[in-house]
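Next come the chains, spelled out residue by residue.
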Amino acid sequence: MSRPIRLVVAIGCGGLVLAALAAILASPAEAQSALVNPLALRVTVTREREKLEVAAERVVLSGDAIRTDSTGRALVMYRDGSTVLLDVDSELVIEFVGSENGDVVVRMRQTLGRA
């Protein structure tokens, strides 16, 4: 009897994550951002020469560099639901995130590793 309840909780939590993503990325200012979610340890975001450790989901902006070390992996999610999985020992620079005619426009540059 407890299995259906757990399933409902899991589905509800997934819905909350999607609702949070929609709320975070809904305004025009946030249309120029994405979310990075560390899937393993050692994910950093460099913003304007400041290196930030990413322990939980974090908003990233145009110009940010996301880097993983030999133990890190990260998932980058854009407002339209598209994703990029950044593998270990990799770096991805978000050169531009914006919107044009209702579409998400992204320019990324992979400088190291695999995505």
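As the structure is a computational prediction, the values presented were derived from the model and not from experiment.

S.K.: Help me understand the pattern of salt bridges, please; the structure alone is not making it clear to me.
M.R.: Opposite charge on two side chains permits pairing when their charged atoms draw close. Applying the stated rule across the entire model yields six salt bridges. Between Arg-109 and Glu-95 there is a salt bridge, with its nearest N and O atoms 2.5 Å apart. Residue Arg-109 is located in strand β9 (residues 103-112), and its partner Glu-95 is located in strand β8 (residues 91-100); the two are separated by 14 residues in the primary sequence. By relative accessible area, Arg-109 is classed as partly exposed at 40%. A network of salt bridges, in which partner residues are shared, links Arg-42, Glu-53 and Asp-69.

S.K.: What should I look at first to understand the sheet that holds strand β5 (residues 65-68) in this one?
M.R.: Whenever strands of a sheet pair, they do so through backbone hydrogen bonds, lying parallel or antiparallel. Taken together, the five strands give an open sheet; going across it, the order is β3-β2-β5-β8-β9, and neighbouring strands pair in antiparallel fashion. In this open sheet, the two strands that pair with only one neighbour each are β3 (50-53) and β9. If you compare each strand with its neighbour and ignore which way they point, the axes differ by 25 degrees on average. Bridge analysis of β5 against β8 gives three bridges, and the strand direction is antiparallel. Among the inter-strand pairings, Ala-65 is bridged to a residue of β8, identified as Val-93.

S.K.: I keep staring at the environment of Val-105 and nothing clicks. Help me out?
M.R.: With respect to the secondary-structure elements, Val-105 resides in strand β9. For the pair Val-105 and Asp-80, spaced 25 residues apart in sequence, the C-alpha separation works out to 9.7 Å.

S.K.: Which parts of the structure should I look at to understand the environment of Ser-82?
M.R.: Along the chain, Ser-82 falls in the loop between β6 (74-77) and β7 (83-86). If near-sequence neighbours (up to four positions away) are discounted, Ser-82 is found in contact with Val-76 and Met-77.

S.K.: Quick question: what am I supposed to make of the sheet that holds strand β4 (residues 58-61) here?
M.R.: The strand order β4-β1-β6-β7 describes an open sheet built from four strands, whose pairing is antiparallel. Sheet topology places β4 and β7 at the edges, where each strand pairs with a single neighbour. Within this sheet the neighbouring strands show an average axis-to-axis angle of 30 degrees, counted without direction. Pairing geometry for strand β1 (residues 33-38) and β4, over four bridges, is antiparallel. Considered in β4, the bridge of Ser-33 is made with Leu-61.

S.K.: Even after reading the chapter, I still don't get the side chain of Asp-87, so can you show me in this structure?
M.R.: Mapped onto the elements of the fold, Asp-87 is located in the loop between β7 and β8. Using a relative accessible area of 18% as the deciding quantity, one classes Asp-87 as buried. Once you skip the residues sitting within four places of it in the chain, Asp-87 turns out to touch Thr-68, Gly-72, Arg-73 and Arg-114.

S.K.: Is there a simple way to explain the nonpolar core in this structure?
M.R.: Judged by nonpolar contacts, the single largest core of 15 residues is most densely connected at Val-36, Ile-66, Val-76 and Tyr-78. Those elements that place two or more of their residues in this core are β1, β2 (43-47), β6, β7 and β8. Ranked by residue count, the leading element in this core is β8, at three residues. Once residues lying within four places of it in the same chain are set aside, the contact partners of Ile-66 are Val-36, Val-43, Thr-44, Val-45, Val-60, Ala-74, Val-76, Leu-86, Ser-90, Glu-91, Leu-92 and Ile-94.

Quick notes on the rules
Residues numbered from 1 in each chain as written. Predicted model: local features only at pLDDT ≥ 70, side-chain atom pairs only at ≥ 80, totals over all residues. Heavy atoms only, no water. Salt bridge = Lys/Arg side-chain N within 4 Å of Asp/Glu carboxyl O. Helix = DSSP H or I, 4+ residues; strand = E, 2+ residues; numbered from the N terminus. Buried < 20%, exposed > 50% of the residue type's maximum accessible area, 1.4 Å probe, protein only. Pairing = 2+ DSSP bridges. Axes fitted to C-alpha atoms, helices over the stretch in contact; angles between N-to-C directions. Contact = heavy atoms within 4.5 Å. Core = buried A, V, L, I, M, F, W, Y, C linked by side-chain atoms within 4.5 Å.

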